[in-house]
Structure formats: C-alpha cells, structure tokens
Amino acid sequence: CYGVVVVVMGGAVAKGQPFNVRLQEGTERLIEAEARRTKRTKSAVVEAFTEETARTRRFAGIAFRGEDARRRPWVIGSGLAVWALVHLLEDFGSAEALLADTPVTAAQVRLAVAYRDAYPDEVDAAIAENRPAVADIDVLYPFIAFAGD
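Residues numbered from 1 in each chain as written. Predicted model: local features only at pLDDT ≥ 70, side-chain atom pairs only at ≥ 80, totals over all residues. Heavy atoms only, no water.

**Quick look at the side chain of Ser78**
The residue Ser78 is located in the loop between strand E4 (72-75) and strand E5 (80-81) in this model. A distance of 2.7 Å separates a polar atom in the side chain of Ser78 from the backbone oxygen of Val75. A polar side-chain atom of Ser78 sits 3.0 Å from the main-chain amide nitrogen of Leu80. Ignoring anything within four residues of it in the chain, the contact list for Ser78 reads Val104 and Gln108. (Helix = DSSP H or I, 4+ residues; strand = E, 2+ residues; numbered from the N terminus. Polar contact = N/O pair within 3.5 Å; in protein donor to acceptor, adjacent residues only side chain to side chain. Contact = heavy atoms within 4.5 Å.)

Below, the structure written as structure tokens:
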C-alpha cells in the first residue's frame, strides 16, 4: 500500500487520501532499490516518480535531471534548466531580446514561462539560490575580481 500525496517539488502541500496500488514485480524491485539507494520510503519514491511524470505530461518538452533532492526541470533541446531560462529572460528584459541574442526558441521560452507560472515558488527559489549577492560572492569566492576592482 502506498500513500499518494500531492507535492510541490521541495515542499509538501495538502495530501490526498491513501489508496492501494499493485505494481508489476519489476517496477516494485525498482522502487525498492531506489528507496534503499536514496534512504527514502517506498511511498516517497512513488510520490516523487508520480509527481515528475505528471509534470512532464502536463508540460510536454520539460524533463527532469539531477540527483534526488537536486532534481530540476529543464527545457528539452535548450540545455537549460527552467530556472536558468527564466533567469535569462529576466536579465534580457524581454523575450524578443532573448530570442535575438541566444539560440533558444520562442516555444522554449513560452514553455519555461508556463512552468514558472505553475510553480513560481520552486522556480523563484532556484533563481535566488543561483543569484547570490555580491557580498556573498566576495566571501564564497574571494579570488573573483569584479570589473572596476
């Protein structure tokens, strides 16, 4: 028996009602192996697999990569994580400017924006994590020289 919940990557939200599911033997072994490898319960593994699959079906052109807790959605064909493409869009100031100066397509930008609109907290947190303050960069990477230094 697996309890199934609805989650936002990185944090739980309201849980649904538990229900039973019978998996094929090979799938069961895969779930058990993943649970052992990641030191999570089988329910947590099934939940993560289900959430990822639902998102990739909802947003055709999005896939996930990375290890366990660091898994991130990325836009297939762009080489960029969703957060990185949204970050570029913010830095360029408009989709037109981004499209003019990079190899990304309008469809890839629309997909990243649609995903961000559906999961704003997740995407905003990833952008914030990858956009440290200058003071933090000085402490973390003292060997980096900024223009004008």
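So much for the structure itself; the text now carries on.
**Overview of the sheet that holds strand E3 (residues 62-65)**
Hydrogen bonds along the backbone pair up the strands of a sheet, which may run parallel or antiparallel. As summarised here, the arrangement of the three strands in space is E3-E4-E5, forming an open sheet in which the pairing is antiparallel. A strand with exactly one partner marks an edge of an open sheet, and here the two such strands are E3 and E5. Looking at chain direction, E3 and E4 are connected through four bridges and run antiparallel. Looking at the pairing, Phe64 lines up with Pro73 of E4. Running over the sheet, helix H5 (residues 106-118) touches E3 and E4 and is turned about 155° from E4. (Pairing = 2+ DSSP bridges. Axes fitted to C-alpha atoms, helices over the stretch in contact; angles between N-to-C directions.)

**What to know about the pattern of salt bridges**
A complete count under the given rule lists 14 salt bridges for this structure. A salt bridge links Arg29 to Glu25, with the shortest nitrogen-to-oxygen separation between them at 3.0 Å. With Arg29 and Glu25 both in helix H1 (residues 25-38) and four residues apart, the pair spans about one turn of that helix. Note on Glu25: relative accessible area 61%, which makes it exposed. (Salt bridge = Lys/Arg side-chain N within 4 Å of Asp/Glu carboxyl O. Buried < 20%, exposed > 50% of the residue type's maximum accessible area, 1.4 Å probe, protein only.)

**Some points on the nonpolar core**
Within the largest apolar cluster, 21 residues are counted, with the highest numbers of intra-cluster contacts made by Ile62, Val75, Val82, Trp83, Tyr115 and Val123. Contributing elements (two or more residues each) for this core: E3, helix H3 (82-92), H5 and helix H6 (120-129). Top contributing element to this core by residue count: H3, with six residues. Discounting chain neighbours no more than four positions away, the residues touching Tyr115 are Arg55, Phe59, Ile62, Phe64, Pro73, Val82, Glu122 and Val123. (Core = buried A, V, L, I, M, F, W, Y, C linked by side-chain atoms within 4.5 Å.)

**Examining the pairing of E4**
As defined by bridge partners, E4 adjoins E5 across two bridges and the pair is classed as antiparallel. By the bridge assignment, Val75 is partnered in E5 with Leu80. Linking E4 to E5, which pair antiparallel, is a turn of four residues; within it Gly77 sits at a positive phi near 90°.

**Overview of the environment of Glu122**
Topologically, Glu122 is positioned in helix H6. Taking the C-alpha atoms as reference points, Glu122 and Arg72, separated by 50 residues in sequence, lie 9.5 Å from one another. Side chain to side chain, Glu122 and Tyr115 meet in a polar contact 3.1 Å long.

**Considerations on H3**
Within H3 the residues assigned to the buried category are Val82, Trp83, Ala84, Leu85, Val86, His87 and Leu89. Those residues of H3 that are buried lie in contact with E3, E4, E5, helix H4 (95-101), H5 and H6. Once H3 ends, the next one or two residues include Gly93, with phi positive near 90°.

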